[in-house]
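Listed here are the chains, written in short residue letters.
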Amino acid sequence: MEKSTWTTKAGLAQMLKGGVIMDVVTAEQAKIAEEAGAVAVMALERVPADIRAQGGVARMSDPELIVRIKESVTIPVMAKARIGHFVEAQIIESLGIDYIDESEVLTPADEEHHINKHNFKIPFVCGCRNLGEALRRIAEGAAMLRTKGEAGTGNVVEAVRHARTVNGEIRRLQNMNADELFSAAKNLQAPYELVRQVAELGRLPVVNFAAGGIATPADAALMMQLGVDGVFVGSGIFKSGDPARRARAIVEATTHYNDPEIIAEVSKGLGEAMVGINIGDIPHEQLMAGRGW
Amino acid sequence: MTVGVLALQGDFREHAVMLHRIGAEVCEVRLPRHLAQVERLIIPGGESTTIGKLLAIYRLIEPIRERVAQGMPLWGTCAGAILLSRRITDGRDEQPTLGLMDLTARRNAFGSQLDSFEADLMIDAIGEAPHHAVFIRAPILEQPGPKVQVLARLADGAIVAAQQAHLLATCFHPELTRDERVHRYFLEL
């Protein structure tokens, strides 16, 4: 019997596909998320919208909170560590939860190195804006990816940009011959072996969700139609008027993403969506997606 | 033969890929009307609470039970095995289930993701060579009723595959491996 193999790490992400992973800050919210049909919850002290509003350094959540949330649900629980902060990751791993998000939503702890995720038994999900970034994270051991979007904005535009970028770059690789793939690897700043694999598969070798700015059932279905495997919803649920209903509606829209009649039905009378922010109104240094490389 | 794969959530694509490879037609099932097009159904791995909820919302539970009563073969992997079981422990009280096999599924029986594992498994029904089984936050099956045939156990005796007439439950994921034998076995049920 072998535990924590690559197959089990990447395999859990396979089981999450077609699902919605929701940010929660209390055990009560976690139960609402599970009841609404979330496939997993992300245990946090503050949702990205509050991190953005309050400023300061954002760190790993209190382990006590993470454990309390873990005990309140039967679905997988994820928690965030700062980029490069491998001790936060060690702490989260010791709590016996299911996945670590090495996340740009928190303030990076290392401006040069991401966590060497091969050193861990617990699987990691990491953010990406483009194919090169995605493949660098996989090379470091990430078993799942998510496009970054711009967290805490309720604005899907960056999530769309990043998903389209990754998919467009994959399609370009598929049209290259063997000679061109070497130079593509150089330009992407990604390992050649992974570049060759992506060209052959026509997709990333791990599951890729969308994140950052998804606030409505239509946003979730949009990302699914753009070809992601599932969605993270952060501030979009518990910063809205009726979280339980919105959560369930987003779950249903993610399953039936190709069925406009169902998406219309579940979108009716959901109440206030979270207040959105235009990306252009955010000072450049406060953009989260640019953290990590 | 058209095999339906319940596509509400989970690794339904991996099942579809495996089925294509062994020459079956595949139809994704999300709504009751899709059920009419299939001769068999697979419920994939995923989150049993999520899939159960969507089964209930989209009124699939009764139509699936009816088709099974008429003889449609049905196979559940992991979350699917939980949904096939009549009883669930360590789940949510109100968790919807199909409740078709006389079994108790113990959810997350091995612990968290850190206890997910791979192991070689002897399954006589598919041949002598062991199946390299992948267990991800897997359940185990307990209290099999008299009509249930145990197909595989772990070294410690835990039941991880079972059959009741044309119903099949596996706690592991053949769809994540290259071993086609469990899928072929299901197509012959």
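Each chain has its residues counted from 1, following the order in which its sequence is written. Lettering for chains starts from A, numbering for ligands starts from 1, and both go in the order in which the items are written. A pLDDT threshold of at least 70 governs which residues receive local features in this predicted model, and a stricter bar of 80 or more applies before side-chain atom pairs are shown or counted, although totals over entire chains, interfaces and linings include all residues. Each side-chain value is worked out from all heavy atoms of the structure, with water and hydrogens disregarded.

**Student:** Got a minute to help me understand the side chain of Lys 148 of chain A in this structure?
**Tutor:** All names here are of chain A. Secondary structure elements follow DSSP: runs of H or I no shorter than four residues count as helices, runs of E no shorter than two count as strands, and numbering proceeds from the N terminus. By the element assignment, Lys 148 lies in the loop between strand S7 (144–147) and helix H7 (157–174). There is a polar contact of 3.0 Å between the side chain of Lys 148 and the backbone oxygen of Ala 289. In contact with Lys 148, other than residues within four places in its own chain, are Glu 104, Gly 127, Cys 128, Arg 129, Glu 133, His 162, Ala 211, Gly 212, Ala 289, Arg 291 and Gly 292. By the criterion applied in these results, polar contacts are pairs of N or O atoms within 3.5 Å in which, for protein atoms, one can donate a hydrogen and the other can accept it, and in which residues neighboring in sequence qualify only through two side-chain atoms. Should any heavy atoms of two residues lie within 4.5 Å, those residues are counted as being in contact.

**Student:** Would you explain a nonpolar patch on the surface in this entry?
**Tutor:** All names here are of chain A. Taken together, the side chains of Phe 86, Val 87 and Ile 91 make up a nonpolar region of the molecular surface, amounting to roughly 240 Å² of accessible area. Considering the arrangement of structural elements, one finds Ile 91 in helix H5 (residues 86–94). A 1.4 Å probe rolled over the protein chains alone gives each residue an accessible area, and that area as a share of the maximum for its type sets the label: buried under 20%, exposed over 50%, partly exposed in between. Overall, Ile 91 belongs to the partly exposed group, its relative accessible area being 31%. Only residues whose relative accessible area exceeds 30% and that form no salt bridge enter a patch; like-charged residues are grouped when within 9 Å of one another, and nonpolar side chains (Val, Leu, Ile, Met, Phe, Trp, Tyr) when within 5 Å. Residue burial considers only the protein chains on display, and all accessible areas are found by Shrake-Rupley using a 1.4 Å probe. Take a side-chain nitrogen of Lys or Arg and a carboxyl oxygen of Asp or Glu: if they are within 4 Å of each other, that pair is a salt bridge.

**Student:** Got a minute to help me understand the nonpolar core in this structure?
**Tutor:** Here is a general trend for soluble globular proteins: nonpolar side chains tend to be buried in one another's company. The nonpolar core is taken to be a set of buried Ala, Val, Leu, Ile, Met, Phe, Trp, Tyr and Cys residues, with the residues joined through side-chain atoms within 4.5 Å. Met 223 of chain A together with Leu 55, Leu 74 and Phe 135 of chain B are the most contacted members of the largest nonpolar core, which has 119 residues in total. Once you skip the residues sitting within four places of it in the chain, Phe 135 of chain B turns out to touch Thr 8 of chain A together with Phe 110, Ser 116, Phe 117, Leu 121, Leu 154, Val 160, Cys 171 and Phe 172 of chain B.

**Student:** Can you walk me through the interface of chain B and chain A in this structure?
**Tutor:** Quite often, the size of an interface is put as the accessible area lost when its parts meet. Facing 41 residues of chain B, the contacting portion of chain A comprises 45 residues. A quick way to say it: buried area is the sum, across both parts, of accessible area lost when two parts are put together, with a 1.4 Å probe. Taken together, the two surfaces of chain B and chain A that pack against each other cover about 3,200 Å², and 55% of this comes from carbon and sulfur. Together, Gln 113, Leu 114 and Glu 118 of chain B form the three largest contributors to the area buried by chain B at its contact with chain A, with a combined 20%. Counting the contacts that link chain B with chain A gives five salt bridges. One salt bridge connects Asp 115 of chain B with Lys 3 of chain A, and the closest N-O pair in it is separated by 3.0 Å. For the interface between chain B and chain A, the tally reads 22 residue pairs in polar contact (both at pLDDT 80 or more). Those elements that provide at least two residues to the side of chain B that touches chain A are helix H1 (12–21), helix H3 (48–57), strand S7 (117–121) and strand S8 (131–135) of chain B. A per-element tally of the side of chain B that touches chain A places H3 of chain B first, with five residues. Amino acids outside the nonpolar list (Ala, Val, Leu, Ile, Met, Phe, Trp, Tyr, Cys, Pro) and the charged list (Asp, Glu, Lys, Arg) are all regarded as polar, and Gly is one of them. Grouping the constituent residues of the side of chain B that touches chain A by class yields 13 nonpolar, 13 polar and 15 charged. Note: strand S1 (residues 2–3) of chain A against S7 of chain B, two bridges, orientation antiparallel. A pair of strands is labelled paired if DSSP reports no fewer than 2 bridges between them.

**Student:** Any chance you could explain the packing of aromatic side chains here in plain terms?
**Tutor:** The geometry of an aromatic ring pair is captured by two quantities: the separation of the ring centres and the angle between the planes. The aromatic pairing rule takes the rings of Phe, Tyr and Trp, using the six-membered ring of Trp, and pairs them if the centres are within 6.5 Å, calling planes under 30 degrees apart stacked, those over 60 edge-to-face and the rest tilted. Under the criterion given, the structure shown has eight aromatic pairs over all chains. Ring plane angle 75° and centroid distance 5.2 Å describe the contact between Phe 120 of chain A and Phe 124 of chain A, whose orientation is recorded as edge-to-face. Of the two residues examined, Phe 120 of chain A and Phe 124 of chain A, each falls in the buried class. Ring-pair connections join several aromatic residues into one group, and the members of that group are Phe 110, Phe 117, Phe 135 and Phe 172 of chain B. Lysine NZ or arginine CZ positioned within 6 Å of the ring centre and within 35 degrees of the ring normal marks a charge as sitting over the ring. Above the plane of the ring of Phe 186 of chain B lies Arg 40 of chain B, whose end atom (NZ or CZ) is 5.8 Å from the centre.

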